[in-house]
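What follows is the residue order along each chain.
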Amino acid sequence: MIVIQYKLFGKKVEPRGSKVNSLIFDNIYNGRRVLVTGHTGFKGSWLTTWLVKLGAKVIGVSKDIPTQPSMFEVLNLSSQIQHIQADIRDLAEVKKIIDNVQPEFVFHLAAQAIVSVSYNNPVETIMTNVLGTLNILESLRTLKEQCVTVLITSDKCYDNVEWVWGYRETDQLGGKDVYSGSKASAELVIKCYLHSFFQNEHPVRLAIGRAGNVIGGGDWARDRIIADCMRAWSTNNSVEIRSPQSTRPWQHVLEPLSGYLLLGQALEQSPRLHGEAFNFGPRTEQNHTVLELLNELGKNWMHKNNTNIYRITGDIPFHESSLLKLNCDKSLFHLKWESNLDYSETVKLVGDWYDAYYRKKTDMYALTLEQINIYERLGIERDRIWSKSS
Ligand SMILES: NC(=O)c1ccc[n+]([C@@H]2O[C@H](COP(=O)([O-])OP(=O)(O)OC[C@H]3O[C@@H](n4cnc5c(N)ncnc54)[C@H](O)[C@@H]3O)[C@@H](O)[C@H]2O)c1
């Protein structure tokens, strides 16, 4: 493996490669069979890399490689895990995989995850997000050994009543667009399976993770601001933006992933949280406008002066609900989960990743591992619960 010296946040950070740090998540994933659906996607690729680093035996299930380029391919993750190509809409196929694998943990991320696509392909979106989740649950129903399952939905599962307060886990589910409705419907399917089947002595322990939009290196999905920027800037073009003054809570992808992994750990160690849903959102000071983010990234990434890095268009091709804030008190109270990075650290990690990919031609697996190392070490410094042994 190529060893890189990575300077971040003014400090020299010593590379540690892929050695397992036994304090992180209480070493619970080391040597365990972990099934990740959607492992070829943006979040799935980061989660897979982190789990491999934690010593897990990862089995990934995805329908395809959803983008070109793709983080999954750039990192050559198929060489580190058991990579299975399958469609979660096919119950027989999902059943066969789960029966064969007998997973100890499942992280279900596979989804049609793009709001704009859900307008063009509503049936595929609902079939994937609702029936796909149903097929996972139905396949888990016959397991005989304990299996901890974390199901990933979205902040968009809440009925967005456009209020200024953060949404709590007990707030009403809803969703006016197809993607949001599909995520709310998936939650209802989970709830009825929970109450009908996963009770008493049943070996499946499950919980739901809800997070909002995240940013990070390796995202090339459609209609996502960072991916749009990098596609444009890497070919010396300016990026088109629609709502420059929109404020968004910019959260690094590792933040909700630390929440999902912590939730898996908590469920494994105690049945107390079985059936619960948890929000994993950023702190309020992470809120910045799209323009502020682009200026910061442009500076950090490749543009000496920030002229012509974006063009503002008035074209809004689909309805997307306004900012929806998550209240994360429940995650803090029950899991002691807090986000780990501030805004400038978040933007720097994102900028450095694409800079390394497009301009420095770095070993991207080593660099991604190093960014996870940095995240873990900041967690240790900041006393995050997942970074120390219980
Ligand atoms: N990225 C975000 O900002 C964000 C925000 C909130 C929630 N989420 C949720 O997190 C999860 C992961 O999101 P992402 O951004 O990594 O998505 P992505 O679009 O990058 O990846 C989607 C993954 O799902 C797989 N997939 C799609 N349809 C499938 C099918 N029928 N069968 C099997 N696999 C299928 C794809 O192959 C891919 O691996 C999704 O559930 C998404 O709704 C993402």
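Above this text you will find the structure in question.
Now for a quick tour of the structure. Being a predicted model, the structure only gives us computed values, none of them experimental.

### Topic: the overall build of the protein chain
Scanning the protein chain from N- to C-terminus turns up 12 helices and 15 strands. Compactness check: the protein chain gives a C-alpha radius of gyration of 20 Å against a globular reference of 21 Å for 390 residues, within 12% of the reference. Projecting the C-alpha coordinates of the protein chain onto the three principal axes gives extents of approximately 60 × 45 × 40 Å. Looking at the 390 residues of the protein chain, the share that counts as buried comes to 46%. Partitioning the contacts of the protein chain with sequence separation of at least 6, the portion at a separation of at least 24 is 79%.

### Notes on the site of the ligand
As a structural note, the neighbourhood of the ligand is formed by 27 residues, with G38, G41, K43, K63 and A111 the closest of them. Broken down by secondary-structure element, the contributors of at least two residues to the shell around the ligand are α1 (42–53) and α5 (122–140). The element best represented in the shell around the ligand is α1, accounting for 3 residues. For the shell around the ligand, the class distribution of residues is 11 nonpolar, 11 polar and 5 charged.

### Topic: the pairing of strand β3 (residues 33–37)
The buried fraction of β3 is high, at 4 of 5 residues. Bridging between β3 and strand β4 (residues 57–62) involves 5 bridges; their strand directions are parallel. Across the sheet, V34 pairs through a bridge with V58, a residue of β4. With α1 bridging β3 and its parallel neighbour β4, the resulting β-α-β unit is right-handed. Two strands pair when backbone bridges link them, and β3 and strand β6 (residues 105–108) are joined in this way by 4 bridges, in the parallel orientation. Its bridge partner lying in β6, V36 is registered against F107.

### Considerations on the environment of K388
With respect to the helices and strands, the residue K388 is situated in the segment after α12 (364–381). Between the C-alpha atom of K388 and that of A211, which follows or precedes it by 177 residues, the distance is 24 Å.

### Examining the pairing of strand β8 (residues 204–210)
The side chains of a regular strand alternate between the sheet's two faces. Most of β8 is tucked away: 7 of the 7 residues are buried. Side chains V204, L206, I208 and R210 project from β8 onto one buried face, and the interleaved R205, A207 and G209 project onto a second face that is buried too. Inspection of the sheet shows strand β7 (residues 147–152) paired to β8 by 6 bridges, in the parallel sense. In the strand pairing of β8, C147 is matched with V204. Tracing the backbone out of β7, into helix α6 (residues 178–196) and back to the parallel element β8 gives a crossover that is right-handed. The sheet contact formed by β8 and strand β13 (residues 277–279) spans 3 bridges and is parallel. Among the inter-strand pairings, I208 is bridged to a residue of β13, identified as A277.

Rules behind the numbers
Residues numbered from 1 in each chain as written. Predicted model: local features only at pLDDT ≥ 70, side-chain atom pairs only at ≥ 80, totals over all residues. Helix = DSSP H or I, 4+ residues; strand = E, 2+ residues; numbered from the N terminus. Rg over C-alpha atoms; globule rule 2.2 N^0.38 Å. Buried ≥ 20, exposed ≤ 12 C-beta atoms within 10 Å, placed from the backbone. Contact = placed C-beta atoms within 7 Å. Near = placed C-beta within 6 Å. Nonpolar A, V, L, I, M, F, W, Y, C, P; charged D, E, K, R; others polar. Pairing = 2+ DSSP bridges. Right-handed = clockwise from strand over helix to strand, strands pointing away.

That is the geometry; function is a separate question.
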